[in-house]
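Okay, here's what each chain looks like letter by letter:
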Amino acid sequence: MRALLVVNPQATSTTAAGRDVLAHALASELKLDVLQTRYRGHAAEATAAAVRAGVELVVAHGGDGTVNEVVNGILEAADGVSLSERPQLAVVPGGSANVFARALGLPADPMEAASAVLHAIIERRSRAVGLGRVDDRWFTFNAGMGWDGEVIAAMERARARGREATPARYAGTALYHYLRQRRHPSELTVELPGHPPVGGIRLAMVTNTDPWTYLGRRPVRTNPGSGRGDGLALFALRSLDLATMVPVLRELLRKQGDPRGRNVLRREELPLIRVSSPTPVALQVDGDYLGERSEVEFVAAPAALRVVV
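Treat the numbers as computed from the prediction; the structure is a model and nothing was measured. (Residues numbered from 1 in each chain as written. Predicted model: local features only at pLDDT ≥ 70, side-chain atom pairs only at ≥ 80, totals over all residues. Heavy atoms only, no water.)

### As for the overall build of the protein chain
Turning to step 1, where the next piece is worked out: What the protein chain contains, in helices and strands, is eight helices and 16 strands.
Turning to step 2, where the next piece is worked out: Looking at the protein chain as a whole, 53% of its 309 residues are labelled buried.
Turning to step 3, where the next piece is worked out: For the protein chain, restricting intrachain contacts to residue pairs at least 6 apart in sequence, the fraction spanning at least 24 positions comes to 74%.
Turning to step 4, where the next piece is worked out: Of the roughly 14,000 Å² that the protein chain leaves accessible, carbon and sulfur atoms contribute 50%. (Helix = DSSP H or I, 4+ residues; strand = E, 2+ residues; numbered from the N terminus. Buried < 20%, exposed > 50% of the residue type's maximum accessible area, 1.4 Å probe, protein only. Contact = heavy atoms within 4.5 Å. Areas by Shrake-Rupley, 256 points an atom, 1.4 Å probe, with all protein chains shown as cover.)

Take a look at the structure:
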């Protein structure tokens, strides 16, 4: 089987020695090429080119951003190709959160995950997974507009200045933008199939997995039922006041969290979610800031990709 190993050498938990061990192990079973990414978008470009050249499996070793780029590269090059004919994906986590890898049930340790993936390759085990889509961009685990988009944008600016994306920095950034949202709240409208539009929304987050993300080792859970079927899940808030946020945050961070309340709008198994705003607001996809938008459609894509696991 022809395969491409895409490595992000800047990912949080990757090492040169670990990358060499992984490449050697995969090369024992595959006709393997190795690419180390050098810039944002490189993984997507290289993956798409490799797929057009006949690669049958792409192994992503990095964080969620690397996985997202590889997924987008596969599906860009395999547009119109049936699921059974599309190249497969394998993931070896190497970032700080690794949300999609954890949702697949892979170990957090890169070497343990690599061993699990190698055994799955040898045994030819894979499964179909659903994804989400925003315009021409696919996402694997979450997307959102408003507060979380602002946080992701700020974290990207901090990384560009050489600051590490630690859980403490993420929490501090989230608090800063929460206070900013309290002063200048977003005015979002959510439209769901078969329901009238719901206005007055301050925050809208869409998930394809549970948990929504991780804060260090702690899961952040918006929709415990997310990822169990073919649709997307919505978590939205009508208010960001303390009376709403304190109990919601407590549930979000609880191990078996299940946030509810009169200002919480939650739905699962949705084929389509449309969010609009009179003024452009920040949009993030899989932790990647995509700029500001005034209207976005989040579309569910069942069985979009086969993953070796």
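### Focus: helix α1 (residues 16-27)
Turning to step 1, where the next piece is worked out: Taking 1.5 Å per residue as the helical rise, α1 with its twelve residues ought to reach 16 Å, and the 16 Å between its terminal C-alpha atoms agrees with that figure.
Turning to step 2, where the next piece is worked out: Inspection of α1 places G18, R19, L22, A23 and L26 among the buried residues, and these make up the whole buried set. Seen from one end, α1 has its buried residues packed into an arc of 130°, which puts them on one side. Of the residues in α1, the exposed ones pointing more than 90 degrees away from the buried face are A17, D20 and H24.
Turning to step 3, where the next piece is worked out: In this structure, the buried side of α1 is in contact with β1 (2-7), β2 (31-36), β3 (57-62), β4 (88-93) and α5 (110-122). (Expected span 1.5 Å × (residues − 1). Arc of directions from axis to C-beta.)

### What to know about the nonpolar core
Turning to step 1, where the next piece is worked out: The biggest cluster of nonpolar side chains holds 51 residues, and the ones touching the most others in it are L26, L89 and F100.
Turning to step 2, where the next piece is worked out: When residues in this core are grouped by element, the largest group, six residues, is from α5.
Turning to step 3, where the next piece is worked out: If we skip the residues at most four places from it in the chain, L26 touches L5, L32, V59, L118 and I121. (Core = buried A, V, L, I, M, F, W, Y, C linked by side-chain atoms within 4.5 Å.)

### What about a positive patch on the surface?
Turning to step 1, where the next piece is worked out: Together, R157, R161, R163, R169, R180 and R183 make up a region of like positive charge exposed at the surface.
Turning to step 2, where the next piece is worked out: Among the elements that line the positive patch, the one with the most residues is helix α7 (residues 167-183), at three residues.
Turning to step 3, where the next piece is worked out: What makes R163 partly exposed here is its relative accessible area of 44%. (Patch = residues over 30% accessible without salt bridge, like charges linked within 9 Å, V, L, I, M, F, W, Y side chains within 5 Å. Salt bridge = Lys/Arg side-chain N within 4 Å of Asp/Glu carboxyl O. Lys, Arg positive; Asp, Glu negative; His and termini not counted. Charge placed at Lys NZ, Arg CZ, Asp CG, Glu CD.)

### Considerations on the pattern of salt bridges
Turning to step 1, where the next piece is worked out: Applying the stated criterion across every chain, the model contains 15 salt bridges.
Turning to step 2, where the next piece is worked out: Two residues, D135 and R293, come together in a salt bridge whose shortest N-O distance is 2.5 Å. Here R293 lies in strand β16 (residues 288-308) and D135 lies in the loop between β5 (126-134) and β6 (137-139), a separation of 158 residues in the sequence.
Turning to step 3, where the next piece is worked out: Salt-bridge contacts for R274 lead to E295; the nearest nitrogen and oxygen are separated by 3.8 Å. One end of the pair, R274, is in strand β15 (residues 272-285); the other, E295, is in strand β16, and 21 residues separate them in sequence.
Turning to step 4, where the next piece is worked out: Judged by relative accessible area, E295 falls into the partly exposed class, the value being 49%.

### Some points on the packing of aromatic side chains
Turning to step 1, where the next piece is worked out: Taken as a whole, this structure holds one aromatic pair when the rule is applied.
Turning to step 2, where the next piece is worked out: With a centroid separation of 5.4 Å and an interplanar angle of 40°, the aromatic rings of W147 and Y178 are classed as tilted. Of this pair, W147 sits in helix α6 (residues 147-160) while Y178 sits in helix α7, and the two are 31 residues apart along the sequence. Like W147, the residue Y178 is buried in the burial classification.
Turning to step 3, where the next piece is worked out: When the ring centre of Y214 is taken as origin, the NZ or CZ atom of R102, which lies over that ring, is 3.7 Å away. (Phe/Tyr/Trp six-rings, centres within 6.5 Å; stacked < 30°, edge-to-face > 60°. Lys NZ or Arg CZ within 6 Å of the ring centre and 35° of its normal.)

### Some remarks on the pairing of β2
Turning to step 1, where the next piece is worked out: Note: β1 against β2, six bridges, orientation parallel. Among the inter-strand pairings, V6 is bridged to a residue of β2, identified as L35.
Turning to step 2, where the next piece is worked out: Between the parallel pair β1 and β2, the chain is carried across by α1, and the sense of this crossover is right-handed. (Pairing = 2+ DSSP bridges. Right-handed = clockwise from strand over helix to strand, strands pointing away.)

Treat this as a map of the structure, not an account of what it does.
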